[in-house]
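# Close look at the chain arrangement
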Amino acid sequence: WLNCSRRMAHEKGPKELHQFWEDESFVRDRFRAQGSLLKWSSEKTVSIPCMANISINYQVLIIMADFFCPLQTGIQTPKIGFIRAQVKKLRALCQCPADAIKLHLDSWGLKKLWSYALRKAGKEKTECTSNPKRRDHGTQLFYDVLFKHWGVRLRKAKPSKVLMIDNPADVKQEEQDLVCPG
């Protein structure tokens, strides 16, 4: 999974996030099998940001981090319009039927998991060498990618209050297509 950025850097021509998700067999196969990008630790934790859900979805998050982080000048969470557009494009690419509920859960779930991970990163040490017993391997790989791109800035970031909005009608949709430079 850590080779993802190396592949991204050597791709010919611009490529979008949904194409990188589709390139990874584990992510593609899960998406086609369940019609959803994310998996949840239990029915009670659907769309709830927690370390267990980050652990289950670390492959999707690593690809997203390797794509998104280098394109940003500062530490931030991807905009919901961008995430939603990429999930929609993945659905079309994998020829999955449209499903508004799964689109909503995937889009907002990714945003919530990402935001939660950033808030947690500012509160505790997250490098593998600091305390390898605190995190499972997949979650640690995701944090390693975040630190690879944002380094010390991420550790020094102060967690801010986060407003969670579950109704997409409450947010102005910004359909932007970030493209990985090729």
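About the thresholds
- Residues numbered from 1 in each chain as written.
- Predicted model: local features only at pLDDT ≥ 70, side-chain atom pairs only at ≥ 80, totals over all residues.
- Heavy atoms only, no water.
- Helix = DSSP H or I, 4+ residues; strand = E, 2+ residues; numbered from the N terminus.
- Buried < 20%, exposed > 50% of the residue type's maximum accessible area, 1.4 Å probe, protein only.
- Contact = heavy atoms within 4.5 Å.
- Areas by Shrake-Rupley, 256 points an atom, 1.4 Å probe, with all protein chains shown as cover.
- Polar contact = N/O pair within 3.5 Å; in protein donor to acceptor, adjacent residues only side chain to side chain.
- Salt bridge = Lys/Arg side-chain N within 4 Å of Asp/Glu carboxyl O.
- Axes fitted to C-alpha atoms, helices over the stretch in contact; angles between N-to-C directions.
- Parallel < 35°, antiparallel > 145°, perpendicular 65-115°, else oblique.
- Nonpolar A, V, L, I, M, F, W, Y, C, P; charged D, E, K, R; others polar.
- pLDDT = per-residue confidence, 0-100.
- Core = buried A, V, L, I, M, F, W, Y, C linked by side-chain atoms within 4.5 Å.

### Focus: the overall build of the protein
Scanning the protein for helices and strands turns up eight helices and zero strands. Its helices and strands taken in sequence order, the protein reads α-α-α-α-α-α-α-α from the N to the C terminus. Across the 182 residues that make up the protein, the buried fraction comes to 45%. Sequence-distant contacts in the protein: of pairs separated by 6 or more residues, those separated by 24 or more amount to 76%. Carbon and sulfur atoms provide 53% of the accessible area of the protein, an area that totals close to 9,500 Å².

### Things to note about the side chain of Asp 66
Mapped onto the fold, Asp 66 is located in helix H5 (residues 58-68). The class for Asp 66 is buried, based on a relative accessible area of 3%. Side-chain polar atoms of Asp 66 contact the side chain of Lys 148, separated by 3.1 Å. For Asp 66, the side chain forms a polar contact with the side chain of His 149, separated by 2.9 Å.

### Digging into the pattern of salt bridges
Counted according to the given criterion, the structure contains four salt bridges. Put simply, Asp 23 and Lys 15 hold a salt bridge, and the shortest N to O gap is 2.3 Å. Residue classification places Asp 23 among the partly exposed positions, given a relative accessible area of 38%. A salt bridge links Glu 16 to Lys 89; the shortest N-O distance between them is 2.8 Å. You can see Glu 16 sitting in the loop between helix H1 (4-10) and helix H2 (17-23) and its partner Lys 89 sitting in helix H6 (residues 80-93), a full 73 residues away along the chain. Judged by relative accessible area, Lys 89 falls into the partly exposed class, the value being 25%.

### Description of the packing of H5 against helix H7 (residues 100-121)
Viewed as axis vectors pointing N to C, H5 and H7 meet at an angle of 75 degrees, and their least axial separation amounts to 11 Å. Judged by the angle between their axes, H5 and H7 are roughly perpendicular. For the pair H5 and H7, contact is made by Val 60, Leu 61, Met 64, Ala 65 and Phe 68 and by Leu 110, Leu 113 and Trp 114, respectively. Tallied by class, the residues present in the contact of H5 with H7 amount to eight nonpolar, no polar and no charged.

### Observations concerning the confidence of the model for the protein
Per-residue confidence for the protein gives a mean pLDDT of 78, with 69% of residues at or over 70. Across the protein, the element-wise mean pLDDT spans from 49 in H1 up to 95 in H5. Across residues 160-182, where pLDDT falls below 50, the model places 52 contacts with residues more than four positions away in sequence or in other chains.

### Concerning H5
With respect to burial, H5 is a largely interior element, 11 of its 11 residues being buried. Among the residues of H5, those classed as buried are Tyr 58, Gln 59, Val 60, Leu 61, Ile 62, Ile 63, Met 64, Ala 65, Asp 66, Phe 67 and Phe 68.

### Quick notes on the environment of Asn 53
In this structure, Asn 53 sits in helix H4 (residues 51-56). In this structure Asn 53 comes out as buried when scored by relative accessible area, which is 0%. With residues near it in sequence (within four places) discarded, Asn 53 still touches Lys 39, Trp 40, Ser 41, Thr 45, Ile 48 and Leu 113. Within polar-contact distance, the side chain of Asn 53 engages the backbone oxygen of Ile 48 at 2.8 Å.

### A few points about the nonpolar core
The biggest cluster of nonpolar side chains holds 41 residues, and the ones touching the most others in it are Trp 21, Leu 37, Leu 110, Trp 114, Phe 142 and Leu 146. Those elements giving two or more residues to this core turn out to be H2, helix H3 (25-34), H5, H6, H7 and helix H8 (137-156). The element best represented in this core is H5, accounting for nine residues. Excluding residues that lie within four positions of it along the chain, Leu 110 makes contacts with Trp 21, Leu 37, Leu 38, Val 60, Leu 61, Met 64, Ile 83, Val 87 and Leu 105.

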